[in-house]
Amino acid sequence: KNEVEQSPQNLTAQEGEFITINCSYSVGISALHWLQQHPGGGIVSLFMLSSGKKKHGRLIATINIQEKHSSLHITASHPRDSAVYICAVNLNSGAGSYQLTFGKGTKLSVIP
Amino acid sequence: DSGVTQTPKHLITATGQRVTLRCSPRSGDLSVYWYQQSLDQGLQFLIQYYNGEERAKGNILERFSAQQFPDLHSELNLSSLELGDSALYFCASSVAVSPYNEQFFGPGTRLTVL
């Protein structure tokens, strides 16, 4: 079993829809990151969360540390949001190293 | 543009060969990370350097090695290449070593081993 599980794997939405992507992890973490990978391959960091909720424009990310779960929401989705969204966690290794462990990603397609 | 540069953008080579991938971090960032993204494995952490010293090792093969130079640029050396090494290799940088630091990713180097 992967330490980081994302759902759904693929998501198709109509423009304007509210979108939710989920991430569950099975181990203790220091922080959780949401990344966006564009069709051309480039990766952009969207959020880093250690607790609570963050908002940036139409994107909202939440984390529940007790339930080991995070969600990424996109409001009023747009075709330019089409990308792969990747959840990654920094594990509590206790060794002072903070390597990221990644989910498999959610491929989002927003249709006009 | 993240400020992280990687060269080359594409690399095509043959099995058994050796290649070097180069990464320049954002100005002021001391920490460099290398990641491999393949179709079957997804993104995997390879190795991290901080201010010239190795800080963490992930799923990096013995055929692979890396270093960070005094000017903070980093190189990933891949030797005795196999077909399965074909992947996208990303470099990322952050200001320090902390799980709370945002990582800025370079555009990646696409390696094809024929």
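Analysis parameters
- Residues numbered from 1 in each chain as written.
- Chains lettered and ligands numbered in written order.
- Predicted model: local features only at pLDDT ≥ 70, side-chain atom pairs only at ≥ 80, totals over all residues.
- Heavy atoms only, no water.
- Helix = DSSP H or I, 4+ residues; strand = E, 2+ residues; numbered from the N terminus.
- Contact = heavy atoms within 4.5 Å.
- Buried < 20%, exposed > 50% of the residue type's maximum accessible area, 1.4 Å probe, protein only.

When you look at the environment of A66 of chain B in this model, what are you seeing that I'm missing?
Residues and elements named next belong to chain B. One can find A66 in strand β7 (residues 64-68). Spatially, the C-alpha atoms of A66 and Q48 are 9.0 Å apart, while their sequence positions differ by 18 residues. Dropping the residues within four chain positions of it, A66 is found in contact with W34, I47, Y49, E75 and L76.

Would you mind showing me how to read unusual backbone geometry here?
Among all residues save glycine, negative phi is the norm, and among peptide bonds the norm is trans. Between S7 of chain A and P8 of chain A the backbone carries a cis peptide bond, its omega angle lying at -5°. Residue P8 of chain B is reached from T7 of chain B by a cis peptide bond, and omega for that bond is -10°. Summarising the element assignment, P8 of chain B is placed in the loop between β1 (5-7) and β2 (10-13). One non-glycine residue, K68 of chain A, lies in positive phi territory at about 55°. Residue position: K68 of chain A is located in the loop between β7 (59-64) and β8 (69-74). Among the residues examined, K68 of chain A registers a relative accessible area of 30% and is labelled partly exposed. Although it is not a glycine, S80 of chain B adopts a positive phi angle of roughly 45°. Relative to the helices and strands, S80 of chain B resides in the loop between β8 (74-78) and β9 (87-94).

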